[in-house]
Amino acid sequence: MKLKYISTIAIATILGLVTTNFSYANSKASTNLNSTTVSSKVAQSNPCAGKANPCASKENPCASKENPCAGKANPCAGKSSTTTLHPQFYTENGVALDGQDVVAYFTQSKLVMGVSQFKHNWGGTTWMFASAANRDMFANNPEKYAPQYGGYCAQGTSEGNLVVTQPDAWKIVNGKLYLNYDKTVQAQWMGDIPGHIFSGNKNWPAILNNKELLR
């Protein structure tokens, strides 16, 4: 009985070893199969390898095309945005103002008429002076000596009107020359110089497009 039991155990042990070895063999075979499959996939060539770049050698569609604006003149070039109905500076008989020397107002504090011998073109008109020195001073810094509001009446400008002036109705305020229609109007303007200058600055240069120049 004991011998039979031992035989039974031996047979079971042998069968167990066989089963274990068989399972291990199958597992190893499966592992090798998976490795082979992965290696096979890795070994497959890159589907893009060897294929030419579809964009290679294609020319830039803009290359060699000329700039459509090249050589064409600026459509705005030469056009003035300051064109007005009346000239920028009050002009009589082809010269600025009434022909007086505007530099003399500053250097001599009085009205001095210019002469045709000493003249200078600036701002679209001809300015006349009593001497070459005054002419040159103006030419070197015309903005300093030219009258405010283009030499039109300061009082009229403050009221939104474009009005001519007289050469003896003048005054320098804070280094700037102002002219008026006449001395009576100048006295009115001097009644509130800061206020009239403020209003004049608001109206200038828009009044150059007024339909009428008042005389």
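This one's a predicted model, so the numbers in the text were calculated from it and none came from an experiment.

Draft legend 1. Representation of the environment of Ala-206. Residue position: Ala-206 is located in the segment after helix H7 (193-203). Between the C-alpha atom of Ala-206 and that of Leu-162, which follows or precedes it by 44 residues, the distance is 9.8 Å.

Draft legend 2. Highlighting the nonpolar core. By size, the foremost hydrophobic cluster in this structure holds 20 residues, and its most contacted members are Leu-97, Val-102, Trp-127, Phe-129 and Phe-138. Other than its neighbours up to four places away in sequence, Phe-129 contacts Asp-101, Val-102, Val-103, Gly-114, Val-115, Phe-118, Lys-119, His-120, Asn-134, Arg-135 and Phe-138.

Draft legend 3. The arrangement of the pattern of salt bridges in detail. If you walk through the whole model with that rule in mind, you get 2 salt bridges. Here Arg-215 and Glu-92 are joined by a salt bridge, their closest N and O atoms 2.5 Å apart. Note that Arg-215 is positioned in the segment after H7 and Glu-92 in strand S1 (residues 91-92), a separation of 123 residues in sequence. Residue Glu-92 is classed as buried on the basis of its relative accessible area, which comes to 15%. With its nearest N and O atoms 3.2 Å apart, the salt bridge here joins Arg-135 to Asp-136. Its relative accessible area of 24% is what places Arg-135 among the partly exposed residues. Overall, Asp-136 belongs to the partly exposed group, its relative accessible area being 38%.

The rules behind these values
Numbers given to residues run from 1 along each chain, matching the order in which its sequence is written. Per-residue local features are limited, in this predicted model, to residues with pLDDT of at least 70; the limit for side-chain atom pairs, both in listing and counting, is 80 or more; totals at the level of whole chains, interfaces and linings are taken over all residues. Computation of side-chain values: all heavy atoms of the structure, hydrogens and water removed. Think of it this way: any DSSP run of H or I at least four residues long counts as a helix, any run of E at least two long counts as a strand, and we number them from the N terminus. As used in this record, nonpolar core signifies buried Ala, Val, Leu, Ile, Met, Phe, Trp, Tyr and Cys residues forming a set joined through side-chain atoms within 4.5 Å. Only protein chains enter the accessibility calculation, which uses a 1.4 Å probe; a residue whose area is less than 20% of its type maximum is buried, one above 50% is exposed, and one in between is partly exposed. Contacts: residue pairs with any heavy atoms within 4.5 Å of one another. We define a salt bridge as a contact between a side-chain nitrogen of Lys or Arg and a carboxyl oxygen of Asp or Glu at a distance within 4 Å.

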